[in-house]
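Residues per chain, in single letters:
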Amino acid sequence: MAWFTALPAVSAAFLASLVEVVEAFTIVLAVATLRGWRPAAIGTIVGLTTLAGVVLLLGPLLARVPITSLQLTIGVLLLLFGLGWLRKASLRAAGVIPLHDEEAIFAAETAQLGSQQQRVHRSLQWVAGITALKAVLLEGLEVVFIVIAVGAGRGLLLPASLGALAACALVLAAGAAVHRPLSRVPENTLKFGVGVMLSAFGVFWTGEGLGIPWPGQDLALLLFASLFLAAGLLGSSLARKLSLGFA
Amino acid sequence: MTMLKELAAELIGMFVVERRLTISVLAIVAMVASLVDFIGVAPLLGGAALLLGSLTLLVESVLRGARPPG
């Protein structure tokens, strides 16, 4: 396996997972702060087990799909997903939509659990556990998709999974050290970068699925990524001017 | 049941961030597939159309997002 084939897949899985795990961690931390670590840990473990089950179920199934169909389907989904992230990150960078604020999400989640605490007296642990489970499942779904999408097309499922697991370990270690929402993670910059990489992968796989022989093969990914980066920055810059004009 | 609905909404939301962008991307892929498979256009030209189309759609979608609604 060439490093320039594996590296983009592993780094895309790592960076995307970093963003999603930080978001899930914020909610799990809110649960743990208000209701203790037990329901937070149980919800998280059940969520992670469910996600691992999804990967274990889908992995062998995907191996049965013809490679061109798989590349086309995953390519189109990656393109939709990547462009969506890049669009949102560009608009956030332009100041059109607000940045993701982990401190605010932590406060909102804590307040919501607090209000539930007043209303529901008997099943507090249950509600807290479900909240953690939901956060892990919802954020984890995107991680699972990205791992499968960047890994399945070229037999890189294991390296991509390791990239995602490394992100989980990093966030957990950082979270355990600071015991606060990880608000200093440059989330929008990461999202921008991941959007660029996923869009590049999307065009690449879609083209391969359609039988397009990209010049330079895997190296074409670098060109695509540069072009999507330039387009995202251009869109963001123009959007900033446009929104200032309307203000 | 509520969680299943939320999971379904999350799944759909992953790929349909903005309806017009989603439809346009699918239209470009379908157009490139038709050009390459049925009309016999050189695959590389199809690839260039796919790449340039996606880049253009991105910029257009970001600019549309920056305009006030209405």
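Being a predicted model, the structure only gives us computed values, none of them experimental. (Residues numbered from 1 in each chain as written. Chains lettered and ligands numbered in written order. Predicted model: local features only at pLDDT ≥ 70, side-chain atom pairs only at ≥ 80, totals over all residues.)

1. A word on the overall build of chain A
In terms of regular secondary structure, chain A is built from 8 helices and 0 strands. Listed by position from the N terminus, the elements making up chain A come as α-α-α-α-α-α-α-α. Of all 247 residues assigned to chain A, the portion counted as buried reaches 49%. Counted over contacts in chain A with a minimum sequence separation of 6, partners at least 24 positions apart contribute 86%. (Helix = DSSP H or I, 4+ residues; strand = E, 2+ residues; numbered from the N terminus. Buried ≥ 20, exposed ≤ 12 C-beta atoms within 10 Å, placed from the backbone. Contact = placed C-beta atoms within 7 Å.)

2. Re the nonpolar core
Core analysis: the largest hydrophobic core is formed by 91 residues, its most contacted members being Ala12, Ala13, Val28, Val150, Ala200 and Phe201 of chain A. Among the elements of the structure, α1 (3–35), α3 (67–93), α5 (124–152), α6 (157–178), α7 (187–209) and α8 (220–246) of chain A together with α2 (19–39) and α3 (43–66) of chain B are those that each provide at least two residues to this core. With near-sequence residues (within four places) excluded, phenylalanine 201 of chain A lies in contact with Ala12, Leu78, Gly82, Val150 and Leu221 of chain A. (Core = buried A, V, L, I, M, F, W, Y, C linked by C-beta atoms within 7 Å.)

3. A few points about the interface of chain A and chain B
By convention, interface size is frequently given as the accessible area that disappears when the constituent parts associate. Taken together, the contact pairs 42 residues of chain A with 34 residues of chain B. Elements with a contribution of two residues or more to the side of chain A that touches chain B: α3, α5, α7 and α8 of chain A. Looking at side-chain class alone, the side of chain A that touches chain B contains 28 nonpolar, 10 polar and 4 charged residues. (Nonpolar A, V, L, I, M, F, W, Y, C, P; charged D, E, K, R; others polar.)

4. Describing the packing of α2 of chain B against α3 of chain B
Residue and element names in this part refer to chain B. Relative to each other, α2 and α3 sit at 170 degrees, their axes nearing to 9 Å. Between α2 and α3, the angle is such that the two are roughly antiparallel. Each of Leu21, Ser24, Val25, Ile28, Val29, Val32, Leu35 and Val36 in α2 lies in contact with α3, whose residues at this interface are Pro43, Gly46, Ala49, Leu50, Gly53, Ser54, Leu57 and Ser61. Residues that form the contact of α2 with α3 fall into these classes: 11 nonpolar, 5 polar and no charged. (Axes fitted to C-alpha atoms, helices over the stretch in contact; angles between N-to-C directions. Parallel < 35°, antiparallel > 145°, perpendicular 65-115°, else oblique.)

5. Description of the environment of leucine 51 of chain B
Mapped onto the secondary structure, leucine 51 of chain B falls in helix α3. Residues leucine 51 of chain B and valine 25 of chain B lie 26 residues apart in sequence; the distance between their C-alpha atoms is 11 Å. Each residue touching leucine 51 of chain B, except ones within four places of it in the same chain, is listed here: Val203, Phe224 and Leu227 of chain A.

6. Some words on the confidence of the model for chain B
Note: predicted coordinates in regions of low pLDDT should not be interpreted at a detailed level. All names here are of chain B. Summarising the model, chain B shows a mean pLDDT of 89, and 97% of its residues fall at 70 or more. Here helix α1 (residues 2–15) stands out as the least confident element of chain B, with mean pLDDT 79; α3 is the most confident, with 95. Two summary scores accompany this predicted model of the complex, namely pTM at 0.81 and ipTM at 0.92. (pLDDT = per-residue confidence, 0-100.)

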